[in-house]
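# Structural overview
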Amino acid sequence: MQNGYYWIKFRGIVQKARYSDVPTTDFATGGTTRGVWHLMGEDIEICSTSEAVVLSGALSAGGQEQA
C-alpha cells in the first residue's frame with residue numbers, strides 16, 4: 001500500500017486516516033511489520049493493519065473526498 005490518506009473502517013467507525021509505509025513493531029505479536037495508520041483528529045496509531053478495513057483511497061493531496 002502507498003503512503004497517503006484513505007477512508008478506513010476501524011472498530012466499526014468510518015474515518016479518514018493517513019497510512020505510512022514504514023517498518024514498525026506489532027505490539028500484539030512482538031514481530032516487525034510494515035505500515036502504520038494515523039487516525040485523523042486523534043492521537044492514535046494503529047500498527048495492526050488487520051484491524052483497519054480500507055474503504056477508499058488513496059485520496060488526493062487534501063484528502064477531501066467523502067467515503
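See the structure above.
Let us look at the structure shown here. Small disclaimer: the values here were computed from a predicted structure and weren't measured.

With nine residues, the main nonpolar core is built from Tyr 6, Ile 8, Phe 10, Ala 17, Tyr 19, Trp 37, Leu 39, Ile 46 and Ala 52. Where this core is concerned, the elements lending two or more residues are β1 (4–10), β2 (13–25) and β3 (32–39). Top element by residues in this core is β1. It accounts for three residues.

If you walk through the whole model with that rule in mind, you get one salt bridge. Taking the shortest distance from any N to any O, the salt bridge between Asp 21 and Arg 34 comes out at 3.2 Å. Within this pair, whereas Asp 21 is found in strand β2, its partner Arg 34 is found in strand β3, the two being separated by 13 residues in sequence. Residue classification places Asp 21 among the partly exposed residues on the basis of a relative accessible area of 28%.

Parameters and conventions
Residues numbered from 1 in each chain as written. Predicted model: local features only at pLDDT ≥ 70, side-chain atom pairs only at ≥ 80, totals over all residues. Heavy atoms only, no water. Core = buried A, V, L, I, M, F, W, Y, C linked by side-chain atoms within 4.5 Å. Buried < 20%, exposed > 50% of the residue type's maximum accessible area, 1.4 Å probe, protein only. Helix = DSSP H or I, 4+ residues; strand = E, 2+ residues; numbered from the N terminus. Salt bridge = Lys/Arg side-chain N within 4 Å of Asp/Glu carboxyl O.

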